[in-house]
Amino acid sequence: MEPLSWTGALGPWLVPALEAALIALALAALAHPLALLAGYRMGPGPEAARSGPGRAARLTGGLLRLSLWALAAVLAAFLIGGLLVPPEAKGILGRIATRLWPVWLSLGASFALIALFRRRLGLLGHLLGNPAGAVGLALVMFWVFAALFADQIAPFDPVTDVIAGMKNKPPGTPLPAPGDAAYGYYLLGGDALARDVFSRAVAGARVVLAIAPAATVFAFMVGITLGLPAGYLGGRLDILLSFLANLVLAFPVILLFFLLVTPEIVAMGVPTYMAGALFLFPLIFLTILWNSRFRTRPPLRAALIGATLGLGGWLYAGLAWNADPLGVVSMPAGVLIVFVSVVFVNAPSVFRIVRGLTLDIRTRDYVAAAQTRGEGPWYIMLWEILPNARGPLLVDFCLRIGYTTILLGTLGFFGLGLAPESPDWGTSINAGRGLLQFVPFPPLVPAVAIMSLVLGLNLLADGLREESLKE
């Protein structure tokens, strides 16, 4: 079998179109700022400030938009053509696009549902009218669906499938004995242990997206539970909690992680004790939430609190202490260290944001009206202040998942926490960096994956910020 080309049978038709679109985009991107500068009259007086872009700037702006659409059309042609051409005519990109068919189907269905229920979805529905937000949402959802369908997408097991003769092979290399496997190629090449780079990149999305959002949610639970009373009640509580938050923020992050993975610290059980303390906050938050909201309906309040403590206590015992009596819920020691470290580092930042928002919102008229009605402090904090702080908190939540993704990549790169054979992106970069000059794809593919996910989260946060300001 011959090695695969990147574009297959589509290359002679679409590669020239792609080159032309990229050249047009580069020229338009260079010409538009120059036309904008030339369109403003320079000189003294208010007339210079009032003068706007001229005809040339409008023309170059239109060309810039047109070139962007042309580039998007060519990329869409690569995707659709790669899906439709016969298997023998597919290149590397076409075969990857074909392997990702569950992702494309899920993305199309998701955006169709968002468009159908746009008015009922609030900020999420408004994102479709925001270019940056829509692109960011598409990138994030791409990786979410890739993680969900990783078992169907990845042609090889990312850890155990090691094929002799495929060590450090370039993309599109056929297997030495194609009949020995269901798939005859390593689409993005092999790494230093002869594992499939494409399969490891897809499986790495599942590892990253299983840790980063969950750790961010836990950090928000801690920050909200402590930040609301600190900002609303003030006094010595605020001074104490703010001092502790600043103390944690002043500690070097990497040094903290090195300490937590030290065998002596692990043997002392410090990460487990930290998990025992931090993992209590979701239970505390939900219990206070139900108690403050349904205090006038004791049966419903008792049912909700009982269900929360029962189910939450079971999860807490398994995740924090590895003491699930059913043996269903547990967290590996390496994952627990990474999870606890991420929560511990992010929680003080969330605390400061929530505290600042609370200090501002507590002076509003609707808070005074709730106080006049005789509402309790926790009801005011959770049901008056917190909902009105949702815009900045949603934006920070998206950004913080991106920061956590980068942090997980950094930890994997330094070999902290997760097992060396883990397919997470940071560990894969670390494993392939030694031969980066000669075999670039093993570290390059996970690096691009991290970049695209973080870019999507940042664009999504920008879109949410813009749409929340319009409300």
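Residues numbered from 1 in each chain as written. Predicted model: local features only at pLDDT ≥ 70, side-chain atom pairs only at ≥ 80, totals over all residues. Heavy atoms only, no water.

- Where an unreviewed UniProt entry is consulted, the protein appears under the name Peptide ABC transporter permease, with the organism given as Rhodovulum viride.
- Quoted straight from UniProt, the Sequence similarities (unreviewed entry) entry for the protein says "Belongs to the binding-protein-dependent transport system permease family."
- UniProt, in its Subcellular location (unreviewed entry) section for the protein, records the words "Cell membrane". (UniProt positions renumbered as here; feature names shortened; annotations may be inferred.)

Points about the overall build of the protein
Reasoning step 1: Within the protein, the secondary structure is distributed over 21 helices and two strands.
Reasoning step 2: For the protein, the spread of C-alpha atoms along the principal axes amounts to about 75 × 70 × 45 Å.
Reasoning step 3: A buried classification covers 45% of the 471 residues belonging to the protein.
Reasoning step 4: For the protein, contacts bridging at least 24 residues in sequence account for 70% of all contacts bridging at least 6.
Reasoning step 5: Accessible area for the protein stands at about 23,900 Å²; split by element, carbon and sulfur atoms hold 70% of it.
Reasoning step 6: Within the protein, the 24 negative side-chain charges are centred at a point lying 10 Å from the centre of the 31 positive side-chain charges. (Helix = DSSP H or I, 4+ residues; strand = E, 2+ residues; numbered from the N terminus. Buried < 20%, exposed > 50% of the residue type's maximum accessible area, 1.4 Å probe, protein only. Contact = heavy atoms within 4.5 Å. Areas by Shrake-Rupley, 256 points an atom, 1.4 Å probe, with all protein chains shown as cover. Lys, Arg positive; Asp, Glu negative; His and termini not counted. Charge placed at Lys NZ, Arg CZ, Asp CG, Glu CD.)

Quick look at the side chain of serine 67
Reasoning step 1: If you trace the backbone, serine 67 turns up in helix H3 (residues 55–84).
Reasoning step 2: Among residues more than four places away in sequence, those in contact with serine 67 are Ala24, Leu25 and Ala28.

With respect to the nonpolar core
Reasoning step 1: Of all hydrophobic cores here, the largest spans 75 residues; its most connected members are Val103, Trp143, Phe279, Phe339 and Trp425.
Reasoning step 2: Per-element tally for this core: the top contributor is helix H9 (residues 197–233), with twelve residues.
Reasoning step 3: Ignoring any residue separated from it by four or fewer positions in sequence, one finds tryptophan 425 in contact with Trp143, Ala201, Gly204, Ala205, Val208, Pro446, Ala449, Ile450 and Leu453.
Reasoning step 4: Of all hydrophobic cores here, the second largest spans 20 residues; its members include Ile224, Val350, Leu357 and Ile385. (Core = buried A, V, L, I, M, F, W, Y, C linked by side-chain atoms within 4.5 Å.)

Some details on the packing of aromatic side chains
Reasoning step 1: Considering all chains together, one arrives at eleven aromatic pairs under this definition.
Reasoning step 2: Centroid distance tryptophan 104 to phenylalanine 142: 5.6 Å. Interplanar angle 40°. Geometry classified as tilted. Highlighted residues: tryptophan 104 in helix H5 (residues 101–116) and phenylalanine 142 in helix H7 (residues 131–148), separated in sequence by 38 residues.
Reasoning step 3: Three or more aromatic residues joined by ring pairs form one cluster here, namely Trp104, Phe142, Trp143 and Trp425.
Reasoning step 4: Seen from the ring of tryptophan 383, arginine 293 lies directly overhead, with NZ or CZ sitting 5.3 Å from the centre.
Reasoning step 5: Positioned above the aromatic ring of tyrosine 379 is the side chain of arginine 295, whose terminal nitrogen or guanidinium carbon lies 5.4 Å from the ring centre. (Phe/Tyr/Trp six-rings, centres within 6.5 Å; stacked < 30°, edge-to-face > 60°. Lys NZ or Arg CZ within 6 Å of the ring centre and 35° of its normal.)

Points about the environment of phenylalanine 339
Reasoning step 1: Assignment of secondary structure puts phenylalanine 339 in helix H16 (residues 333–361).
Reasoning step 2: Owing to a relative accessible area of 5%, phenylalanine 339 belongs among the buried residues under this scheme.
Reasoning step 3: In sequence terms phenylalanine 339 and phenylalanine 218 are 121 residues apart; their C-alpha atoms lie 9.4 Å from each other.
Reasoning step 4: If near-sequence neighbours (up to four positions away) are discounted, phenylalanine 339 is found in contact with Ile211, Ala214, Ala215, Phe218, Phe279 and Met331.

Observations regarding the pattern of salt bridges
Reasoning step 1: As enumerated under the stated definition, the model contains ten salt bridges in all.
Reasoning step 2: A salt bridge links aspartate 238 to arginine 355, with the nearest nitrogen and oxygen atoms 2.5 Å apart. Taken as a pair, aspartate 238 in helix H10 (residues 235–249) and arginine 355 in helix H16 lie far apart in primary sequence, 117 residues in all.
Reasoning step 3: Take aspartate 238: its relative accessible area is 10%, and that puts it in the buried class.
Reasoning step 4: Among the charged side chains, a salt-bridge network with shared partners connects Arg295, Arg373, Glu375 and Glu384. (Salt bridge = Lys/Arg side-chain N within 4 Å of Asp/Glu carboxyl O.)

A look at the packing of helix H19 (residues 390–413) against helix H21 (residues 441–470)
Reasoning step 1: Interhelical geometry of H19 versus H21 gives an angle of 170° and a closest axis separation of 8 Å. Taken together, H19 and H21 sit at an angle that is classed as roughly antiparallel. Across from Gly391, Leu394, Val395, Cys398, Leu399, Ile401, Gly402, Thr405, Ile406 and Gly409 in H19, the residues of H21 making contact are Ile450, Leu453, Val454, Leu457, Asn458, Leu460, Ala461, Leu464, Arg465 and Ser468.
Reasoning step 2: Broken down by class, the residue content of the contact of H19 with H21 amounts to 13 nonpolar, six polar and one charged. (Axes fitted to C-alpha atoms, helices over the stretch in contact; angles between N-to-C directions. Parallel < 35°, antiparallel > 145°, perpendicular 65-115°, else oblique. Nonpolar A, V, L, I, M, F, W, Y, C, P; charged D, E, K, R; others polar.)

Focus on helix H11 (residues 253–260)
Reasoning step 1: Burial in H11 covers these residues: Leu256, Phe257 and Leu260. Across the axial projection of H11, the buried residues extend over an arc of 95°, all falling on one side.
Reasoning step 2: Looking at the packing, one finds that the buried side of H11 touches helix H12 (263–268), helix H13 (270–278), H16 and H19. (Arc of directions from axis to C-beta.)

Looking at helix H15 (residues 298–321)
Reasoning step 1: Its 24 residues give H15 an end-to-end C-alpha distance of 32 Å, which sits within 8% of 34 Å, the value for a rise of 1.5 Å per residue.
Reasoning step 2: Taken together, the buried positions of H15 are Ile305, Thr308, Gly312, Tyr316, Ala317, Gly318 and Ala320.
Reasoning step 3: Buried-residue contacts for H15 involve H13, helix H14 (281–293) and H16.
Reasoning step 4: Following H15 by one or two positions, asparagine 322 adopts a phi angle in the positive range, close to 55°. (Expected span 1.5 Å × (residues − 1).)

Digging into the side chain of arginine 99
Reasoning step 1: Inspection of the secondary structure puts arginine 99 in helix H4 (residues 92–99).
Reasoning step 2: Here arginine 99 sits buried without a salt bridge, and the closest side chain of opposite charge, aspartate 196, lies 8.1 Å off (N-O distance).

Observations regarding a nonpolar patch on the surface
Reasoning step 1: Nonpolar side chains collect at one region of the surface, where Phe251, Val253, Ile254, Leu255, Phe258, Leu259 and Phe414 lie side by side and expose about 550 Å² of accessible area between them.
Reasoning step 2: Mapped onto the elements of the fold, valine 253 is located in helix H11. (Patch = residues over 30% accessible without salt bridge, like charges linked within 9 Å, V, L, I, M, F, W, Y side chains within 5 Å.)

A look at unusual backbone geometry
Reasoning step 1: Phi at asparagine 168 takes a positive value of approximately 55°, unusual for a residue other than glycine.
Reasoning step 2: By the element assignment, asparagine 168 lies in the loop between helix H8 (150–153) and strand E1 (173–174).
Reasoning step 3: Backbone geometry at asparagine 322 places phi at a positive 55°, although glycine is not the residue there.
Reasoning step 4: Mapped onto the elements, asparagine 322 comes out in the loop between H15 and H16.
Reasoning step 5: For asparagine 322, a relative accessible area of 56% translates into the label exposed.

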